[in-house]
Every structure is written in structure tokens, then in C-alpha cells.
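A closer look at the structure
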Amino acid sequence: MKIFSRIIATYDKNIVNLQGWKKVPGSTLEFLYMVPKKYKGKPVRIKDGTVIREGDSYYEIHIINTNLAKLDTSYGNLFIMLNEELRLIGEHMKKDEGEEYKAVLAVTLLHRLARRAGFTIKEIDSPVMRRLVSLGENILRTALRKEKDAGPKKKRVAKECWMSRDQVMSIETEQQ
């Protein structure tokens with residue numbers, strides 16, 4: 001597994017550098033990257049009524065894979081870390097440089113966790129893209145699995161997880 005972890009770390013570092021991904025501003029956890037994007041696709045309706053249309057700005061979030069070994073990634077703690085990072089993204093969205101962003105998108109196998117956090121869950125429209133993203137996510141999951149979790153795992157399907165600007169900006173944590 002260590003060889004896979006090294007490959008993932010190299011891949012992660014190169015993608016981050018080439019695409020200019022940034023860590024969530026103000027984060028001490030360093031759990032998520034926040035990537036500015038413009039939407040290209042069919043309109044997406046989020047459960048609070050927000051509609052994301054072609055050309056709208058949003059943040060795509062990605063887990064910082066290289067930091068996972070340093071973090072407690074139990075299910076309950078993942079929820080706490082996600083909530084804290086989303087709260088910080090909401091604070092960033094209130095500033096001038098974050099004003100134009102309408103939503104946050106995560107494409108992930110962890111859609112059950114995302115649903116619990118308040119995301120709207122959507123199937124990935126393209127069957128080919130759904131398979132490719134799911135394959136990549138399952139490879140990442142296997143490569144980054146901690147030794148104690150070494151048993152066989154069910155192959156999951158990645159889904160789009162959307163949260164509107166208003167939802168993100170209204171997140172509070174117990175620390176406040």
C-alpha cells in the first residue's frame with residue numbers, strides 16, 4: 001500500500017500545482033481544497049431552490065489526500081471536519097472575492113456523509129463519466145486505506161453533491 005500512497009501523493013501534488021488548487025482559507029485542519037470553477041452543463045436545482053446554470057461560478061471541493069494519514073478519518077470526525085471546512089468556505093463567500101460563487105460541489109463516494117451535512121445529491125449524468133470518476137475514487141480509497149481497514153470494501157458509485165451559497169453561509173459549528 002505504501003507504493004500506492006506515494007503514487008497518489010505525487011499525482012496529488014502535481015494536480016494541485018498545475019491547476020492552482022488552494023486550501024480552504026483560515027483552515028487549521030487542511031482537510032479540503034477549494035477550486036473556483038464555472039459551471040458547464042444542464043441546470044441543477046439544489047433543494048433550497050437555487051438553480052445553477054451554465055456560466056455560474058461555484059467552488060469544487062476536494063479532500064487533501066496527502067493529509068488524510070494525519071487526520072482522524074472516522075465517520076463522525078469526517079462529518080465534523082467537513083462541517084468546519086464548509087463554515088470557513090461560507091465565511092470566505094461573504095468576502096468580496098467570494099461574492100460571485102453560487103454553490104459548492106463535491107463529486108464523491110461519500111455522498112451519504114454529504115447528505116447528512118445538507119448537500120443535495122445528484123447522479124452524475126454521463127454513464128461514462130460516472131464510471132471513470134467512481135473508478136478513480138475507489139482506487140484512491142483503496143490506496144489511502146489505513147492498515148486496520150484492510151478488508152474488502154464494497155465498490156461505491158460517486159455522485160455529485162451540491163450545496164447552495166445560502167446553505168454554506170448559514171453553517172455554524174459548536175466552536176462558535
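Look above for the structure.
The notes below deal with the structure included here.

**Section: the overall build of the protein chain**
Broken down by element type, the protein chain carries 5 helices and 8 strands. Shown N-terminal to C-terminal, the secondary structure of the protein chain runs as helices and strands in the order α-β-β-β-β-β-α-β-α-β-α-β-α. Out of the 176 residues in the protein chain, the part that is buried amounts to 44%. Contacts spanning at least 24 positions in sequence make up 74% of the contacts within the protein chain whose residues lie at least 6 apart. Counting only carbon and sulfur atoms, one obtains 54% of the accessible surface of the protein chain, whose full area is about 10600 Å².

**Observations regarding the nonpolar core**
Judged by nonpolar contacts, the single largest core of 28 residues is most densely connected at Phe31, Ile61, Leu82, Leu86, Ile89, Val104 and Phe119. Those elements that place two or more of their residues in this core are β2 (32-38), β5 (57-63), α2 (75-93), β6 (101-108), α3 (111-117) and β8 (159-164). Ignoring any residue separated from it by four or fewer positions in sequence, one finds Phe31 in contact with His62, Ile63, Ile64, Leu68, Leu71, Leu78, Met81, Leu82 and Glu85. With 8 residues, the next largest nonpolar core counts Tyr39, Val44, Ala103 and Trp162 among its residues.

**Focus on the pairing of β2**
Strand direction decides the pairing type here: strand β1 (residues 22-23) and β2, joined by 2 bridges, are antiparallel. By the bridge assignment, Lys23 is partnered in β2 with Tyr33.

**Some details on a nonpolar patch on the surface**
On the surface, Val128, Met129 and Leu132 cluster together into a nonpolar patch covering about 300 Å² of accessible area. Position of Val128 relative to the elements: it lies in helix α4 (residues 127-144).

**Regarding the sheet that holds β1**
If you walk across this open sheet you meet the 6 strands as β1-β2-β5-β6-β8-β7, and the pairing is mixed. Edge positions in the open sheet fall to β1 and β7 (120-122), since each of these has one partner strand only. Packing of α2 onto the sheet brings it into contact with β2, β5, β6 and β8, and relative to β5 it is tilted by some 150 degrees.

**Concerning the pairing of β5**
Look at any regular strand and the pattern is simple: side chains alternate between the two faces of the sheet. Within β5, 5 of the 7 residues are buried, which leaves it mostly tucked inside the rest of the structure. Judged from the 7 bridges that link them, β2 and β5 form a sheet pairing that is antiparallel. Among the inter-strand pairings, Val35 is bridged to a residue of β5, identified as Glu60. Direction of pairing for β5 relative to β6: parallel, over a ladder of 3 bridges. The residue of β6 that forms the bridge with Ser57 is Tyr101. On the question of chirality, the crossover connecting β5 to the parallel β6 by way of α2 is right-handed.

Calculation criteria
Here, residues in each chain are numbered from 1, in the same order as that chain's written sequence. Where local features are concerned, this predicted model is filtered to residues with pLDDT of at least 70; where side-chain atom pairs are given and counted, the filter is 80 or more; whole-chain, interface and lining totals use all residues. Calculated side-chain values reflect all of the structure's heavy atoms, with hydrogen atoms and water omitted. The way it works is that DSSP assigns letters per residue, a run of H or I at least four long becomes a helix, a run of E at least two long becomes a strand, and they are numbered from the N terminus. Exposure classes here rest on a 1.4 Å probe applied to the protein chains alone. A residue is buried below 20% of its type maximum, exposed above 50%, and partly exposed in between. In what follows, residue pairs with any heavy atoms lying within 4.5 Å of each other are defined as contacts. The Shrake-Rupley method, run with a 1.4 Å probe sphere, supplies the accessible areas, and residue values consider only the shown protein chains as cover. As used here, the term nonpolar core means buried Ala, Val, Leu, Ile, Met, Phe, Trp, Tyr and Cys residues forming a set that is joined through side-chain atoms within 4.5 Å. A pair of strands is treated as paired once DSSP finds two or more bridges between them. To count toward a patch, a residue needs a relative accessible area above 30% and no salt bridge. Like charges then connect within 9 Å, nonpolar side chains (Val, Leu, Ile, Met, Phe, Trp, Tyr) within 5 Å. The term salt bridge refers to a side-chain nitrogen of Lys or Arg lying within 4 Å of a carboxyl oxygen of Asp or Glu. Each axis is a line fitted through C-alpha atoms, taken for helices only over the stretch in contact, and angles between the N-to-C directions span 0 to 180 degrees. Handedness of a crossover: with both strands directed away from the viewer, a clockwise path from the first strand across the helix to the second marks it as right-handed.

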